[in-house]
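These are the residues of each chain, in order.
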Amino acid sequence: MKFLSASIITLLLSLTYNQTAAQRHRTTIPGPLRAIQDRTEASATCTVPSDSIITITPQANNLDSIIRLSGYDKPISATRETLHISNLSHTLTIKAINFEIRYIDRQGRELHRRTVDLQHTVAPQHTELATFPTWDIQRSFYYILSVRPRRQYTPYDIDLHINHISATITHR
């Protein structure tokens, strides 16, 4: 009797383990986003066609594993600001990015704040240079890491915060 109940318990445990292992490996987006999908109930149960645009927010996902913003620049005479957008994902093609940018002087005071909505396509594992109109229409400020101008102008630093990105799933 003990042998029979032990074998039944072992059988039930192995069936439960196999069922949970199958559920854990089933995902709609392959690659590095598996951990992100496992944390959200809705995305683990739905399938997304490859041509659909999905919105990814920092509240539900770790955007540091998907996108990196770097290489910001705005010289004193520039009418546009530049920024490198790196797509770190293997499976997502970034279509648009919405971020807030704060302009701060050397004393830490906020000079200006705005939200930028860039419609820019970045393929998986690629980096693209994006440009957008500058906030400094009078051309009296320069980014602290840009070339220092000969005359006296006001330097500033920036603080970037990604609000959300829009992407499509890329199948290889």
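Our structure is the block above this text.
Analysis parameters
- Residues numbered from 1 in each chain as written.
- Predicted model: local features only at pLDDT ≥ 70, side-chain atom pairs only at ≥ 80, totals over all residues.
- Heavy atoms only, no water.
- Phe/Tyr/Trp six-rings, centres within 6.5 Å; stacked < 30°, edge-to-face > 60°.
- Helix = DSSP H or I, 4+ residues; strand = E, 2+ residues; numbered from the N terminus.
- Buried < 20%, exposed > 50% of the residue type's maximum accessible area, 1.4 Å probe, protein only.
- Pairing = 2+ DSSP bridges.
- Salt bridge = Lys/Arg side-chain N within 4 Å of Asp/Glu carboxyl O.
- Contact = heavy atoms within 4.5 Å.
- Axes fitted to C-alpha atoms, helices over the stretch in contact; angles between N-to-C directions.

For the packing of aromatic side chains, give the residues involved together with the corresponding values.
Per the counting criterion, the structure on display carries seven aromatic pairs. Their ring planes at 85 degrees and their centres at 4.8 Å tell us that Tyr72 and Tyr143 sit as a pair that is edge-to-face. Placement of the pair is Tyr72 in strand E2 (residues 67-73) and Tyr143 in strand E7 (residues 141-143), with a sequence separation of 71 residues. Classification of Tyr72 as buried rests on a relative accessible area of 9%. Between Trp135 and Tyr156 the ring centres are 5.6 Å apart and the planes differ by 85 degrees, which places this aromatic pair in the edge-to-face class. Taken together, the residues Trp135 in the loop between strand E6 (127-133) and E7 and Tyr156 in strand E8 (residues 154-169) connect sequence positions 21 residues apart.

Can you explain the pairing of strand E4 (residues 92-104)? Please cite residues and give values.
E4 sits mainly inside the fold: 10 of its 13 residues count as buried. The sheet contact formed by E4 and E8 spans 12 bridges and is antiparallel. Looking at E8, one finds that Ile101 is bridged to Leu160. Bridge count for E4 against strand E5 (residues 110-122) is 10 bridges, and the pairing is antiparallel. The residue of E5 that forms the bridge with Ile104 is Glu110. Once E4 ends, the chain turns through five residues before running back antiparallel as E5, passing Gly108 with a positive phi of about 90 degrees.

Could you give me a rundown of the pattern of salt bridges, with the residues and numbers involved?
Inspection of the entire model under this criterion finds seven salt bridges. A salt bridge links Arg109 to Asp105; the nearest nitrogen and oxygen atoms lie 2.8 Å apart. One salt-bridge network, held together by shared partners, links Glu100, Arg102, Glu110, Arg113 and Asp159.

Just give me the short version of the environment of Pro124, but keep the residues and values in it.
Structurally, Pro124 is set in the loop between E5 and E6. We classify Pro124 as buried; its relative accessible area is 7%.

Which residues make up the side chain of Glu81, and what values go with them?
Here Glu81 is to be found in strand E3 (residues 80-87). If sequence neighbours within four positions are ignored, Glu81 has contacts with Tyr72, Asp73, Lys74, Ile101, Tyr103, Arg114, Ala130, Thr131, Phe132, Pro133, Thr134 and Trp135.

Please set out the sheet that holds E2 residue by residue, giving values where relevant.
Taken in spatial order, the three strands line up as E2-E3-E6 in an open sheet, and their pairing is antiparallel. Sheet topology places E2 and E6 at the edges, where each strand pairs with a single neighbour. On average, adjacent strands in this sheet sit at an angle of 30 degrees to one another, irrespective of strand direction.

All we've got here are geometric facts, nothing functional implied.
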